[in-house]
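Chain and residue survey
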Amino acid sequence: MDDFLEELYPEITLETDDIIMTIALKKDYSQIEDLDKRKEEFMKDLRDFLDEFEQTPESLEFMRYYDD
């Protein structure tokens, strides 16, 4: 990720056997004082993001990487 963006947003890289994903957080979760509630809100936002991405043309283009 661009150094400028790294300074603006906290980020995390998640890795499984099948996927490596770097996530930069634009939302300020600091207003949620309770850690469990903060995590819950982040997980909800992440699920919403993935659901939204699934419906975009970009998700189809991404999978076209494997076309012959």
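Preceding block: the structure.
Note that the structure is predicted; figures quoted are calculated from it, not measured.

Evaluation of the coordinates by the stated rule reveals 4 salt bridges. Measuring nitrogen to oxygen at the nearest pair gives 2.9 Å for the salt bridge that ties Lys27 to Asp45. Taken together, the positions of Lys27 in the loop between strand 2 (20-24) and helix 2 (35-54) and Asp45 in helix 2 put the pair 18 residues apart, joining distant regions of the chain. The exposure class of Lys27 is partly exposed, given its relative accessible area of 38%. Linked through salt bridges whose partners overlap, the residues forming this network are Lys27, Glu41 and Asp45.

Let us now look at the packing of aromatic side chains. Counting across every chain of the model gives 3 aromatic pairs. Aromatic side chains Tyr65 and Tyr66 sit 4.9 Å apart centroid to centroid with 90° between the ring planes, which places their arrangement in the edge-to-face category. Here the two residues Tyr65 and Tyr66 agree in accessibility, since each one is exposed.

For the largest pocket, the calculated volume is near 540 Å³. The wall of the largest pocket is formed by 20 residues, among which Met21, Ile23, Phe49, Leu50 and Phe53 lie closest to the centre. Counting residues per element, the ones that place at least two in the lining of the largest pocket are strand 2, helix 2 and helix 3 (57-63). It is helix 2 that provides the largest number of residues to the lining of the largest pocket, a total of 6 residues. Class assignment of the residues belonging to the lining of the largest pocket gives a composition of 14 nonpolar, 2 polar and 4 charged.

The rules behind the values
- Residues numbered from 1 in each chain as written.
- Predicted model: local features only at pLDDT ≥ 70, side-chain atom pairs only at ≥ 80, totals over all residues.
- Heavy atoms only, no water.
- Salt bridge = Lys/Arg side-chain N within 4 Å of Asp/Glu carboxyl O.
- Helix = DSSP H or I, 4+ residues; strand = E, 2+ residues; numbered from the N terminus.
- Buried < 20%, exposed > 50% of the residue type's maximum accessible area, 1.4 Å probe, protein only.
- Phe/Tyr/Trp six-rings, centres within 6.5 Å; stacked < 30°, edge-to-face > 60°.
- 1 Å grid on protein atoms, 1.4 Å probe; cavity = no way out; pocket = protein on both sides within 12 Å on 5 of 7 lines; lining within 4 Å.
- Points joined across faces, edges and corners; volume = space filled by probe spheres on them.
- Nonpolar A, V, L, I, M, F, W, Y, C, P; charged D, E, K, R; others polar.

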